[in-house]
Amino acid sequence: MSERFFADYKKFIIIPEEEHKVGKKAFDPGDYASHYILTLSIFDAVISEWRQAAKHDIDVKQSVHSVLTEFNLKHYSNFHLQLLELDMDKSYFVLALSSRNQIEAEAAQTRVSDIVEKMITNPFYIGQSWYKLTSERGRVERKLFNFSYKEYTYETGEEK
C-alpha cells in the first residue's frame, strides 16, 4: 500500500458526539436537581495524612484528578463530581456530587452509598492502586472508603 493513501485523512476526522459535548460544555449546577457534599476517608487506613501515600507510590492529587475526570466523562448524562478540598496534611477529601435526577430524601442514603461504593471506589481501588492505603482488613472486606454526606441546596447556597 502506498504511504500517501491516507494523506488526506484530516478531511475524515469526526469528533465523537459524547466527547464533544463534555469537552465543550462547562459544569452548570442549574442542570442538576440534587447536590451532595461527600467527605471520604480511607477505611482502616495505613496512613494518617495524604502526604504519606507517596511511600506507597501513590500521587493522591493526580489519582483524584484522573478518577474525577474519568467519572465525569463516563457519567456526564447523570452525575458530576467536583473536588472541593484535598489538603495533604489531612486524611480525608471532600467532593461535590451533583445528580441530574432528584434524589428523594428517603432514598438518599442508599443512592449515595451505591454511587460511592459502585462507581467511585473501584477506579480508586484498582485503577489507582489505593488498596495499598488500607489495611489487610480493608483488602479482605474490599472496602476502601468511609464516607459521610450532606445534601446541599443550590438555590440558597445553604445546607439542609
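Residues numbered from 1 in each chain as written. Predicted model: local features only at pLDDT ≥ 70, side-chain atom pairs only at ≥ 80, totals over all residues. Heavy atoms only, no water.

Moving on: the overall build of the protein. Within the protein one finds four helices and five strands. Counting helices and strands in the order they occur from the N terminus, the protein gives α-β-α-β-β-α-α-β-β. Per-residue burial over the protein gives 33% buried out of 160 residues. Taking as baseline every contact in the protein between residues at least 6 positions apart, the subset at least 24 positions apart corresponds to 71%. (Helix = DSSP H or I, 4+ residues; strand = E, 2+ residues; numbered from the N terminus. Buried < 20%, exposed > 50% of the residue type's maximum accessible area, 1.4 Å probe, protein only. Contact = heavy atoms within 4.5 Å.)

This part covers the nonpolar core. Among the nonpolar cores identified, the biggest contains 33 residues, and Trp50 and Trp130 are the most heavily contacted of them. Mapped by element, the contributors of at least two residues to this core are strand E1 (34–42), helix H2 (60–74), strand E2 (79–86), strand E3 (92–99) and helix H3 (108–127). For this core, the element with the most residues is H3, which contributes eight residues. (Core = buried A, V, L, I, M, F, W, Y, C linked by side-chain atoms within 4.5 Å.)

Turning our attention to unusual backbone geometry. Of note in this structure, aspartate 44 is not a glycine but carries a positive phi near 45°. Turning to its location among the elements, aspartate 44 is positioned in the loop between E1 and H2. In this structure, arginine 142 is a non-glycine residue whose phi angle is positive, near 50°. When you line up the elements, arginine 142 lands in the loop between helix H4 (136–141) and strand E4 (145–153).

Right, let's talk about H3 for a bit. Spanning 20 residues, H3 covers 27 Å between terminal C-alpha atoms, matching the ideal 28 Å at 1.5 Å per step. A bend of about 45° at threonine 121 is the largest found in H3, and the proline proline 123 appears one to four places after it. Listed in full, the buried residues belonging to H3 are Ala108, Val112, Ser113, Ile115, Val116, Met119, Ile120, Thr121, Phe124 and Tyr125. Its buried side turned inward, H3 meets E1, H2, E2, E3, H4 and E4. Immediately beyond the C-terminal end of H3, within one or two residues, lies serine 129, with a positive phi of roughly 60°. (Expected span 1.5 Å × (residues − 1). Bend = angle between axes of the 7 residues up to and from the residue.)

Pairing between side chains of opposite charge can happen when their charged atoms approach one another. The final tally for this structure, using the stated rule, is seven salt bridges. Aspartate 89 is the partner of arginine 51 in a salt bridge, and the nearest nitrogen-oxygen pair spans 2.3 Å. One end of the pair, arginine 51, is in the loop between E1 and H2; the other, aspartate 89, is in the loop between E2 and E3, with 38 residues separating them in the sequence. For arginine 51, a relative accessible area of 43% gives the class partly exposed. Between glutamate 85 and lysine 90 there is a salt bridge, and its shortest N-O distance comes to 3.5 Å. Residue class for lysine 90 comes out partly exposed when judged on its relative accessible area of 30%. (Salt bridge = Lys/Arg side-chain N within 4 Å of Asp/Glu carboxyl O.)

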